[in-house]
Each structure stands twice: as C-alpha cells, then as structure tokens.
Amino acid sequence: MFIISYIVVEGEIRDSLNQRVPFAVIRVEELKKGTYSDENGKYYLKLPNGRWTITVSALGKETYKFTVEGKDTTIRYDIFLREKPIQTREIVITAKREEFRKETGQVLRFKAEVIRSAPSFITADIFKTIQDLPGVIPLADFSGKFSVRSGSPSENGVLLDNAVIFNPYHLGGFFSIFDADALESFNFYRSIFPAKFGNFTSSILEMKTIDPDSTYGNLSVSLLASKIFQTYKGKNYGAFISARRSYFDYTLKFLDYNFPYYFYDILGKVYKDVNENWTLSATFMHGRDNFNFRLGGGFLRMIWGNDVISINSRYVMGNLLNFTSISTTNFTNGFSFGFNDQTIASFNVPMNLVNFRTEFLRIYEDLEKNFGFEAHRGWGKLEQDFFASRFEFSGLSYTLSLYGEYLFKRGNYNLSLGLRVNGFLRRLFQDKNRDVVFVNPEPRLSAKYFIGPDLAIKGGFGVYHQYYAGLSGGGGRLGEVLSSFYYWLPVYRGIEPQKSFQYSLGISGITSWGDWEIEAFYKDYPNILLENPNVDPRDIFGTLLKRGKGWAYGFDGYIRKDVGNITGMISYSFLVGRVKIGDSIMNSPYDRRNALIFNISRKFSGGLEMGFRFAYQSGLPYTGVLARYDIYSIYDPGTGLPARLRTQEIYSYPYSLRYPPYHRADVYLSKDFKIRALKGRLSLSVINIYNRKNVFTYFYDYSKDPPQLLVIPQLPLFPSFEIFINW
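None of the values given here were measured: they were computed from a predicted structure.

Novice: Kindly report on the overall build of the protein, identifying the contributing residues and their values.
Specialist: Within the protein, the secondary structure is distributed over 6 helices and 49 strands. For 727 residues, the compact-globule estimate of 2.2 N^0.38 gives 27 Å, and the C-alpha radius of gyration of the protein, at 27 Å, lies within 12% of that figure. For the protein, the spread of C-alpha atoms along the principal axes amounts to about 110 × 65 × 50 Å. When each of the 727 residues of the protein is scored for burial, the buried share is 53%. Taking as baseline every contact in the protein between residues at least 6 positions apart, the subset at least 24 positions apart corresponds to 62%. Accessible area of the protein: about 32,300 Å², with a carbon and sulfur share of 61%.

Written as structure tokens, this is what we have:
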C-alpha cells in the first residue's frame, strides 16, 4: 500500500489578460524557499503536511498570497496576477532581480509580440526579428537566412515544439514558414547552448506555439499573401489552426509580369490536460512552394516543402517533471524540365527525420537537475533521371544521445555543468564502404558571478558536433542566399563531422527599465565542411565537400528597454572570421566587422503604435574580378583574322574584397480600429525610407566594349500594407 506523506501544490499562473506567466517566483514563507513557474506558467511544490503561506510574484504584477493546508493530498491552485502600476524603481527591480538571479545560460528570451511590433517586409517574420539581435549577421535584405558569429546558416538549429525544421524558408529565404500569431515565445541561444540541444554547431532557435486560453481568430491581408488564424478553447483542451497563401501568381499579372510561383502553409495544434498532472499536445505543419514556368513548348517545374508532426507530453511525477516528444519531419523537393509535356530530366531529394526525446527535470531552491535521452533516425534519397540514364542512392543515419545538466546556485554564483554524449551511425545502401560510426562527448559549462544584485559576470564553454552538411547547390554566400533550401547530407567515411569549440565571457545587468549585456567570444572550428562547386562526377563522394578549419572572435552586446510605452533595443556586433583550406587563409564569407542596429517602438493612446529601425553594417567580403583577357584562335577562315573564342576572368584572392557599407532605415505604423462589430488593426511599413542602393553583388556585362560593371541592388524603398481583422 502506497502512503502519501506530503502535500503537492500545483497549478497555473496567469495574468489579467488570461495569458500564462512564465518564471514567476513562488515562495513558501515559513520555509524561506520556493521555486519558479516554467515557461508555460505551470508550477509544482512538494511540502510537508501542515499549513503553509505561499507568495507569488512576477515582473509588473501585484504579489499574490494564499494559504494551503492539508495532509497526504494533492491541491490544485490556479493563480491570477493583476497588473501592477509601475510607481517606483524598486518595485520593478525586485521582480527583475528574481529572473536575473535564476538565469545562467547564454540565452535571449522573447515573447512573440516583438515580431509583430517591428517594421516588416510584406508580413511579420521571426527570422527578420532574429537578424536584429547581437552577433547575428543577415545575408541579404530578401533572405531570412542569417549567420551567427561567423557560422554558416546551415549550422543554426531551428526547433518548433521540439521538432527539427531543416528548411524553414519560402522563396529563396524571402519568408519563413512560421505564422507569428501561432508563436507564444522563442528562445535564441547564440552560443553555449545547454546539453539538451545538439547536432548543430552555431546557434539554436527554439520556438513554442501557443496553448490557446480563449477562443478568438483573425484574418490578415497584405500585398502578396493572406492568412486566416483561429483558436478554440474547451474546458480542459484547446486548439488553433493557421493557413496562409501567397498570390504572386495573380497580383503581379496586373503589372504585366508573369511570375508562376506561389506558396502555402498550414500550421495547427491540439492540446489536452488529461488530468492535473499530465498534458498532451500535437503540433502539425504542412507547406509547399510551387514554381511552374512555361515558355513555348518547354517547362520547368519545382516543388518543395515540409510536413511536420510533433507530439509532446508534460507529466508531473512526484517531485520530477517529465517532458517527452516524438516528432517526424519530412522534406520534399522535386525538379523537372522538358518539352511538350515530355520530361527530359528530373531531380528529387526527399528526406525524413524521426526524433524521440525524453528528459526529467527536478527543481530545488538552489539546485536543478536535468537529464535525458534523444534519438534521431534520418533517411535520405537522391534520384536523378536524364534522358534514359538514371542515378540513385539512399541511406540511413542514426544519432543516439545521452545528456545531463546540473545547475548549482550558491551564494554569489550560479554554475551549470552539462555533458552530452553522441553516437552516430551512417549507412549508405549503394556503397557500404562509406558506412561510418562516430562517438563524440560534448562537455558544456556556464557560470554567472553576481558582483551586485543588478550586475553579474558570466561566461561559458561548450563543444558541439554536426553530423549533417547543408548543400545549397553552388556553394558560397551567393548560392546560400539564392537557394530556397539545403540538401542535407549526413557525413560518411572519409568525412568527419563538423566540430566547434565555443568560449564566451561577458558582463550583464538589469535596470528598472530593461537590461543590457556585453559579451566577448571565441569560436574554434577544427573541422569545417564546405561545399565544393567543382565536383568530379567520377568521384562524387570524394570531391563533394572540402574540408578546412576556421575561427572567429569578437564581441557583441545590447541595451534593451522593455518597460513602459517606449520600448526598443540597440545592438552592436564586432566580428573577425577566418577560414583555412590547405595552406590558404582567407576571410570567412560572413566576416562583417561592424553591425549597429537601433530599434524603437512607441505606443500611444487609442491603439496607435509607431516604430523606427536603423541599421549600419560593414560590407561583407566577396571574391571579385580583377582583370580579364581574351583567348583568340590562330585563324578564322571567314575573315582571315584571329577570332575571339572566349573571355577569361582573373579573380581576386577568395573573399579579399568588400562590398560598400550597408545602411537602411525603416518605419512602422499601426492603428487599432473598431467599426461597429468589426475590430482590427491597420499596419503600414516602409522599408528603406531614403532608398539607399545597398549592393547585393556585382557582375560584368561583356557584351559591351569595354565591359560594363553592373550592380545588383538589395531592396529599394518599399511600402508594405497589411490589414488585420479580429474576432
């Protein structure tokens, strides 16, 4: 017979708008100890039998006090915190100190509202928000891809409700595949991410979708895409669905321009509180990009997209929390061309990743323990048909990981010690000689020393491995920008996984109006994998990738104001990145020395909001043409003179030239409206308000004599309008 000898107190913490309150402080007064709510506002306390006084506090909320009494029982107690008027500096600082004291890792946490309150090109996009953070280098105006501290965009892990999303882009990275209204929060680790994250070597973007707490919906219409979003809340369950489609294929016809492309995506979620201890949820996503170009009797078709299902469980097991997720990610890519409906060539690269992860979390007043297990099964295939010839290969990969992390809080310091051990197996069905096994330990360490209650020194160290190389179909920064997706290739015999060592040291602080941080870093890549644009068809696997080394160093930081009607952030990054291939040392393609970004937003009465953004960045390095020479034949029978056969270009040392500095200013204006029963918001963004001609790339027109240097610019002045209707 099992006898309970304690009280369990658990529940949810919400604010006056019925939104969950994460990381609230729950304190037992008699014991002078307590815990925190998790990122979903849920908390759990295990107390001896008796009567206890509990206080709950959070930033910007009034403190709530209640009493529980019982013996050998479980008590469910949901808490609603009222908004607290900000009257003095000390009121705000007290709540902020609790969060500041708890956080140890190198993470930036945001609510999804920041995505919607920034100037946007056509529609709000999380990747454009990420590009404004310190240490992040955007590749181009019209691409959502970004580099973090000189790492390749393919080294950034993107997770949606614990499912890995390999290719989260539409149309060359122009848009991400995520609806901002469906997101509740996101955490961005630009370095030293915890042991529970692996298989990427640069950064982690972790996104959580909402658990609807009421029934509502909205419709948005912009210049090139429309979206509908709807939630539903039952007694102990809820759901949402979002659907979006572009209409480039229709609207651009009014400008006498035929662009036979469109995309659509569907994102949804269902969750249920099975009982007081157990919550289940299922997230699904389906999206496709379609390009169907016809000219005369010829055609060119491309289709690509993601199918994702992620099932997540949160279960309270006594004084343990268990989080378990099972997900599957399918990426479809097909390319074909031909004439008169007869296919001449086709190219298909489907892939699938199945992921299972379970972890256990135990929280004490001054100690957190986190340990878990993760398993990946990857499958990929390449099919190529050209006339009557066919080339095909496929393979499987398995990654098994054990990880654990301990967070100690003693006196003036926090110390997090973590370890992740990966085992990787690759099987290539067509060439067993390429099968490979790797076992790699990954230690992680983060520390924070509090100089005072509002000021701390922090640092960390981590080792990371990546077992998949992202190929863009051309290589280099230009190929990455123009491609809409990566071809993901697991490492094989003769190719070791990419590896990075990351070090950071910085200082951070809080104020009554926000927070700030400055951090220096060093990244060492003893092994990097670069795409080779000159593959030898006689030895594809031997020449597909180039191996090298790399390193990067610099510092970055920010000042953020997140209290009051005026909010914003100033971020600055300084970076030096190097790559070594053989004996040659060159700039990294992402070596942007200086980047300064200023964002500010002001809320007025009557639902009016205005925003302004300015960015100044050093030019990225590139490989350019220094000179050219013509190659002639000895004799042209038609003219009796030598004939020019071709023009040969002489290139600079790789990435030794730089584009001109980049700068741009954007403005944003939104206004809530209500017309009888109709409620909504009008939003206007103007990108590049002074029409700066920022350079994307150069090329020479050799039809002119002398050849003419042409500039391909980035986005010009571009107004974007969007209307939201809410119900």
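Novice: I'd like a rundown of unusual backbone geometry, residues and numbers included.
Specialist: The residue Ser 150 is not glycine, and still its phi comes out positive at about 80°. With respect to the helices and strands, the residue Ser 150 is situated in the loop between β11 (146-148) and β12 (156-160). For Ser 150, a relative accessible area of 11% translates into the label buried. With a phi close to 55°, Asn 691 is a non-glycine residue in the positive phi region. Note on placement: Asn 691 falls in the loop between β46 (678-687) and β47 (695-701). On the basis of relative accessibility, which here comes to 29%, the residue Asn 691 falls in the partly exposed class.

Novice: Break down the nonpolar core for me, citing the residues and quoting the values.
Specialist: Counting residues in each nonpolar core, the largest one holds 76 residues, and the members touching the most others are Ile 126, Ile 130, Phe 178 and Met 207. If one sorts the elements of this core by residue count, strand β16 (residues 183-189) sits on top with 4 residues. Among residues more than four places away in sequence, those in contact with Phe 178 are Ile 126, Phe 127, Val 158, Leu 160, Ile 165, Pro 168, Met 207, Arg 244 and Met 285. By size, the runner-up hydrophobic cluster in this structure holds 19 residues, among which are Tyr 43, Trp 52, Val 56 and Val 68.

Reading guide: rules and limits
Residues numbered from 1 in each chain as written. Predicted model: local features only at pLDDT ≥ 70, side-chain atom pairs only at ≥ 80, totals over all residues. Heavy atoms only, no water. Helix = DSSP H or I, 4+ residues; strand = E, 2+ residues; numbered from the N terminus. Rg over C-alpha atoms; globule rule 2.2 N^0.38 Å. Buried < 20%, exposed > 50% of the residue type's maximum accessible area, 1.4 Å probe, protein only. Contact = heavy atoms within 4.5 Å. Areas by Shrake-Rupley, 256 points an atom, 1.4 Å probe, with all protein chains shown as cover. Core = buried A, V, L, I, M, F, W, Y, C linked by side-chain atoms within 4.5 Å.

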